[in-house]
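Commentary on secondary and tertiary structure
Here is what each chain is made of, one letter per residue.
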Amino acid sequence: MAKQKLVVVGNGMAGARAVEEVLARGGADMFDIFMFGDEPYGNYNRILLSNVLSGAQDTEEIFLNPLSWYAENGITLHAGARVTDIDRYAKVVIADNGVREHYDRLLIATGSRAFMPPIKGLHGADGSLKPGVFGFRTIDDCNGMIAASAPGRKAVVIGGGLLGLEAARGLMNHGCEVHVVHLAGHLMEQQLDFTGGTILKSGMERMGIAVHLQKSTTEILGEGRVTGLAFKDGTTLDCDLLVVAAGIRPNAEIGHRAGLTVERAIVVDDHMRSVDDRTIYVVGECAQHRGRVYGLVAPLWDQAKVFADHLTGRNIDAAYHGSKLATKLKVMGVELASMGLTETQEERDELVQFVEPKRGIYKKLIVRDGRLVGGILMGDIGKAAYLMQAFDRDSPLPEERLSLLFDIGAPSQKVTIDEMPADAQVCNCNGVTKAAIGTCIAGGAKTTKAVMGATRAGMGCGSCKGLMNEVVAWFLGGAVEEDPSVHYYVPCIPLKKPELVAEVRARNLRSVSAVFRELAGGVEDAQSKPALASLLSVVWRGDYIPEADARFINERAHANIQKDGTFSVVPPMAGGATTPAELRRIAEVAEKYNVPMVKVTGGQRIDLLGVKKEDLPKVWADLGTHSGYAYGKTYRTCKSCVGTDFCRFGLGDSMKLAAQIEDRFKGIDSPHKMKLATTGCPRNCAEALIKDVGAVAIGDGKWEIYVGGAGGSHVRKGDLLCTVGSHEEVLLYAGRFMQLYREEAKYKERTYTWVERVGIERVRAIVMEDSEGIAARLDAAMQESVDAFIDPWKQIIEKGMDRADAAMTATVGSGA
Amino acid sequence: MSAEIPIARLSDIPPGEGRNFKVEGRCIAIFHTRSGQVFATQPDCPHKGGPLADGLTGGTTIVCPLHERSWDLATGRPVADSDRPLTIYPVRAAADGTLLVGLPAVTSTPA
Ligand SMILES: Cc1cc2nc3c(=O)[nH]c(=O)nc-3n(C[C@H](O)[C@H](O)[C@H](O)COP(=O)(O)OP(=O)(O)OC[C@H]3O[C@@H](n4cnc5c(N)ncnc54)[C@H](O)[C@@H]3O)c2cc1C
Ligand code: FES
């Protein structure tokens, strides 16, 4: 039999899931499948956009169906193509890029879009949203918001529902000052009653988010770009960016234009079929079933199953009867479960309630004829799984109402999982039952991660992860394995750092390609190369085979790459001390090479930004200094204050110590950069307390050495390692500390993370008391690395940068 | 297929690295992998224009130096779906080590 053509319009959560269900029923033998998606990507988990915005996840991590999935399943995907018309008579869909596709069966799964209320000034002259205004629906929306937000910017969110609050949380994580403007009298009025909304509001205010209730926005201010909002009560609010999360509107226009019945969305029968056309099905947020339109994912999993059963003939009586909405959410860190009604409606409705506002706990149940018809749980959702199930199945509740709210006499969690029926849902986002997890484990999965990968349980909103872990552990009888790769030094070689170092030594592996060949089955992994190169240089000091391709470009070009592909050059300037002659030379170089920006760095040096790659060797030659190492995962620099020479408070010669430190440790490779400082008194002008290693003079020739400090994206005061009596001792113990760090820390682990991980007590014991008897070896290893120093700038100037590099635009061929 | 244009010698590109070349008025990036294969792509990253020739290669993967997104050099396909594919060009090393590149572009079609 010739295959029929199934065309799917909309490549979102419902559309892609529906196709998966069709494939699971052998649909690939019955249909050639074509999909159109407005967004230029595969299908991703829209729910996780909240995490993308908050920075908890990367866009890469949220894909459910990568582009390869379509190819592997023989599906033709037109990504980035918006279907504009359906010609029902010719059975053809037409996309805005000119693609036309004939169909025998059509599925519309176009979802919804952010609703833009008719507020003056929301749109620019060209009809698109005014710059600085965003919806919250797609990856592109998220990326736009992230780009527009920055610490100190003022962000306003219109809408205090689930989406608005998620947006507020995300923007707060980017350092914005966040205001939520809401029309109703309390937050999340869909899921919460007044009491719940009020508790949530005070929680948000404690976190620093301003909430404005009963505010009606009348105008969006700003000429070229949004600058503020005006309200009906005459007040205004300034802002740098605005997110409109005032609800969603189904993308149903396409059905309307094709002559299908559209009310709030496209109207379907119990088979998820348009009531007007037997060949057109509709699932997801663009479908209206028995008068209801859904805005959460759980219903659309059921719809997708009914559609697939009916389409493939697996069960032509398959029918959807509507879903009862129960959700578990985490809003602004507050755990929340909500189901059914939020207020009593009838005389006979029974209210069971507990409020503890101080701890943010609120529980409210609405019971009708001994069955649960509504509920809100906030702050403590321990009973949610049980209640949601009782709600979903309409099962009779125990007479003792108190036990609905609390575990009295504490039956343990173990018992509840024992008692949990096999078809109870563990992950509501992805519709994964206890039984499905059991099947997966019976099939060989041994870790929570493996179960997540196979079933997608826990990969929706993530709120079920705790329960997931417990269910997995229950099936495995407690024998859950942790995914071991998190402890490997690089993901492609199953060894921890000390084991890898031992292997490298034992097999005498002296180049990155040798390591891949011997330990990774010959398979190269790009991202692991720099980590391995760094490790080899620590293990073998100078005596290894350098391979330029294993180094990140900064360490290949010995300069710091900038966003436009140019580089920055930083000549050394120990302790920030310079001379008129040196300054003059730097100025001349800057002029000669048209350096677009000259800037003093935070490390007390001068940065020449915007140098072209091919000019680098000439710039270095003209500067006439050794490399400043301002680009590598190495010792970077040592700041200092003026110390005793001029300062009237100076207790120690911090400038001299800085020069000694720089001279000794320049260019030393390490897992991450090392920034140092010395200060001549405890006033700490050179910020030695927040450096990887800092020395502070305290008088009588004594120095305190602080380690593991941080003053960047993370701020941490260093731990006092020791107090010593001379410059030489500072060099000795600082060097020993750095060597221990070089040998033990993971790649890209700064000293402050490493010190916290292993504990300052252990570090101090090894470095100061030689508790492991390795002090002499550490000192010798550091000395060898110091002796192995080669100035990369000088080396390249002498060799001449390799030919093709210098001729970065070698012109070949004709007609250029 | 269009005529092949000689542009450089394989030995001009150190193993594992990439270099940019100008060919008939356009710039292309050529990569010479550690296993000895050669690939040619557009020079600028589809994400934010990073210089791909300055990236890291591993097998047939290229990782952009600016934000570490990656692509397959052989097909131009992005590793993450959210990125756009790379334009790739046919290229080969002749027996004498001359690199021959074919223009115009073949664009990889997403799935
Ligand atoms: C930030 C955020 C957080 C959320 N959190 C939760 C949560 O915690 N729990 C929960 O249950 N739900 C949550 N949701 C809701 C959930 O994501 C949606 O219910 C679900 O995505 C709906 O699936 P859908 O396929 O109907 O629509 P979509 O996933 O929106 O898919 C529709 C797709 O069709 C495309 N399209 C539209 N028109 C056309 C056209 N004419 N031609 C081609 N393509 C077209 C669209 O571009 C889109 O890619 C959240 C949503 C957002 C935005
Ligand atoms: S520019 Fe290439 S990854 Fe961003």
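Residues numbered from 1 in each chain as written. Chains lettered and ligands numbered in written order. Predicted model: local features only at pLDDT ≥ 70, side-chain atom pairs only at ≥ 80, totals over all residues. Heavy atoms only, no water.

1. Brief notes about the overall build of chain A
The secondary structure content of chain A amounts to 27 helices and 41 strands. Taking all 816 residues of chain A together, 53% fall into the buried category. Within chain A, counting contacts between residues at least 6 apart in sequence, those at least 24 apart form 61% of the total. Summed over all atoms, the accessible surface of chain A reaches about 35100 Å², with 51% contributed by carbon and sulfur. (Helix = DSSP H or I, 4+ residues; strand = E, 2+ residues; numbered from the N terminus. Buried < 20%, exposed > 50% of the residue type's maximum accessible area, 1.4 Å probe, protein only. Contact = heavy atoms within 4.5 Å. Areas by Shrake-Rupley, 256 points an atom, 1.4 Å probe, with all protein chains shown as cover.)

2. Topic: the overall build of chain B
Of regular secondary structure, chain B possesses 0 helices and 11 strands. Residues classed as buried in chain B amount to 59% of the 111 residues present. Summarising the internal contacts of chain B: among those between residues at least 6 apart in sequence, 39% fall at separations of at least 24. A total of about 4300 Å² of accessible surface is found on chain B, and carbon and sulfur atoms cover 52% of it.

3. Some words on the packing of helix α22 (residues 727-744) of chain A against helix α23 (residues 751-758) of chain A
The packing of two helices is summarised by the inter-axis angle and the distance between the axes. Residue and element names in this part refer to chain A. Direction vectors running N to C along α22 and α23 enclose 85°, while the axes themselves pass 11 Å from each other. It follows from the interaxial angle that α22 and α23 lie roughly perpendicular. Residues F737, L740, Y741 and E744 of α22 touch α23, and the partners they reach there are T751, W754, V755, R757 and V758. Class assignment of the residues belonging to the contact of α22 with α23 gives a composition of 6 nonpolar, 1 polar and 2 charged. (Axes fitted to C-alpha atoms, helices over the stretch in contact; angles between N-to-C directions. Parallel < 35°, antiparallel > 145°, perpendicular 65-115°, else oblique. Nonpolar A, V, L, I, M, F, W, Y, C, P; charged D, E, K, R; others polar.)

4. Quick word on the pattern of salt bridges
Side-chain pairs of opposite charge can arise where the charged atoms are in close proximity. All names here are of chain A. By the definition in use, this model includes 54 salt bridges over all chains. A salt bridge links R113 to E253, with the shortest nitrogen-to-oxygen separation between them at 2.7 Å. Here R113, found in strand β10 (residues 112-114), pairs with E253, found in helix α7 (residues 253-257); they are 140 residues apart in sequence, far enough to count as distant. Each of the salt bridges in this network shares a partner with another, and the network as a whole consists of E346, R348, D349, R368 and D369. (Salt bridge = Lys/Arg side-chain N within 4 Å of Asp/Glu carboxyl O.)

5. A word on the UniProt feature "binding site: siroheme" (unreviewed entry) in chain A
Residue and element names in this part refer to chain A. In the numbering used here, UniProt assigns the feature "binding site: siroheme" (unreviewed entry) to C685. Its place among the elements puts C685 in the loop between β35 (674-679) and β36 (693-699). Apart from residues lying up to four places away in sequence, C685 is in contact with C641 and T679. (UniProt positions renumbered as here; feature names shortened; annotations may be inferred.)

6. Here we look at the pairing of strand β2 (residues 31-37) of chain A
All names here are of chain A. With 6 of its 7 residues buried, β2 lies for the most part within the structure. Direction of pairing for strand β1 (residues 4-9) relative to β2: parallel, over a ladder of 6 bridges. Counterpart to K5 in the pairing with β2 is D32. The handedness of the β1 to β2 crossover, carried by helix α1 (residues 13-24), is right-handed. Bridge count for β2 against strand β5 (residues 76-79) is 4 bridges, and the pairing is parallel. (Pairing = 2+ DSSP bridges. Right-handed = clockwise from strand over helix to strand, strands pointing away.)

7. Quick look at the UniProt feature "binding site: [4Fe-4S] cluster" (unreviewed entry) in chain A
Residues and elements named next belong to chain A. Using the residue numbers shown here, the UniProt feature "binding site: [4Fe-4S] cluster" (unreviewed entry) corresponds to C641, C647, C681 and C685. In terms of the greatest pairwise C-alpha distance, the residues named above, spread along 45 residues, form a tight cluster of at most 11.2 Å across. Following the sequence through the fold, C641 ends up in the loop between β34 (635-640) and α21 (654-665). A residue is classified by how much of its surface remains accessible, and C641, at 17% relative accessible area, is buried. Setting aside anything within four residues of it in sequence, one finds C641 in contact with S654, M655, T678, T679, G680, C685 and A686. Note on placement: C647 falls in the loop between β34 and α21. A relative accessible area of 28% means that C647 is categorised as partly exposed.

8. Digging into the site of ligand 1
Residue and element names in this part refer to chain A. If you check the shell around ligand 1, you find 30 residues, and the closest are A14, E39, R46, R137 and E285. In this structure, R137 approaches ligand 1 through a side-chain N or O atom, which is 2.6 Å from an oxygen atom. Contacts to ligand 1 include V297, whose backbone N or O atom sits 2.9 Å from an oxygen atom. When ligand 1 sits alone it has 1000 Å² of accessible area, and the protein chains cover 94% of it. Contributions of two or more residues to the shell around ligand 1 are made by α1, β2 and α8 (297-312). Both domains that meet at the shell around ligand 1, namely domain 1 (4-112 + 250-312) and domain 2 (133-246), each give it at least three residues. (Near = heavy atom within 4 Å. Polar contact = N/O pair within 3.5 Å; in protein donor to acceptor, adjacent residues only side chain to side chain. Domains from an automatic or database assignment.)

9. Quick word on unusual backbone geometry
Residues and elements named next belong to chain A. The phi angle at K91 is positive, at roughly 55°, despite the residue not being glycine. Residue classification places K91 among the partly exposed residues on the basis of a relative accessible area of 24%. Positive phi outside glycine occurs at D369, with the angle close to 50°. Counting through the fold element by element, D369 comes out in the loop between β26 (361-368) and β27 (371-378).

10. Side note on the packing of aromatic side chains
Residue and element names in this part refer to chain A. Throughout the structure, instances matching the rule amount to 13 aromatic pairs over all chains. Sitting over the face of the ring of F115, R249 holds its NZ or CZ atom 3.8 Å from the ring centroid. Cation over ring: K324 sits above F391, and NZ or CZ is 4.6 Å from the ring centre. (Phe/Tyr/Trp six-rings, centres within 6.5 Å; stacked < 30°, edge-to-face > 60°. Lys NZ or Arg CZ within 6 Å of the ring centre and 35° of its normal.)

11. Quick notes on helix α14 (residues 465-475) of chain A
Within α14(A), burial applies to L467(A), M468(A), V471(A) and V472(A). Down the axis of α14(A), the buried set is contained in an arc of 135°. They therefore lie on one face. (Arc of directions from axis to C-beta.)

12. Quick notes on the sheet that holds strand β12 (residues 154-158) of chain A
All names here are of chain A. Reading across from one edge, β11-β18-β12-β13-β14 is the order of the 5 strands in this open sheet, with parallel pairing throughout. Only two strands of the sheet have a single partner each, and these edge strands are β11 (133-134) and β14 (210-212). As paired elements, β12 and strand β13 (residues 177-181) share 5 bridges and run parallel to each other. Within β13, the position partnered with V157 by the bridge is V180.

13. Quick look at the sheet that holds strand β5 (residues 56-58) of chain B
Sheets are built from strands paired through backbone hydrogen bonds, the pairs being either parallel or antiparallel. All names here are of chain B. In spatial order, the strands read β5-β6-β7; together these 3 strands make up an open sheet with antiparallel pairing. Edge positions in the sheet fall to β5 and β7 (70-72), since each of these pairs with one other strand and no more. Neighbour-to-neighbour, the strand axes of the sheet open up by a mean angle of 20°, direction not taken into account.

14. Digging into the confidence of the model for chain B
Detailed conclusions should not be drawn from predicted coordinates in areas where pLDDT is low. Residues and elements named next belong to chain B. Taken as a whole, chain B shows an average pLDDT of 87; of its residues, 89% reach a score of 70 or greater. Confidence, expressed as mean pLDDT per element, reaches its minimum in chain B at strand β11 (residues 106-107) with 48 and its maximum at strand β4 (residues 38-41) with 96. Quick note on the complex model: pTM equals 0.54, ipTM equals 0.88. (pLDDT = per-residue confidence, 0-100.)

15. Here we look at the environment of A435(A)
Looking at the element boundaries, A435(A) is found in helix α12 (residues 434-442). Here A435(A) falls in the partly exposed class, since its relative accessible area comes to 33%.

16. Focus: the packing of helix α16 (residues 512-519) of chain A against helix α17 (residues 529-540) of chain A
All names here are of chain A. Taken N-terminus to C-terminus, the directions of α16 and α17 make an angle of 110°; their axes are 9 Å apart at the nearest point. Taken together, the axes of α16 and α17 are roughly perpendicular relative to one another. Every residue of α17 that contacts α16 at V512, V515 and F516 is listed here: K529, L532, A533 and L536.

17. A word on the confidence of the model for chain A
Put simply, chain A has an average pLDDT of 89, and 95% of its residues get 70 or more. Contacts of residues 410-415 of chain A to residues separated by more than four positions or lying in other chains number 3 contacts, the stretch itself having pLDDT below 50.

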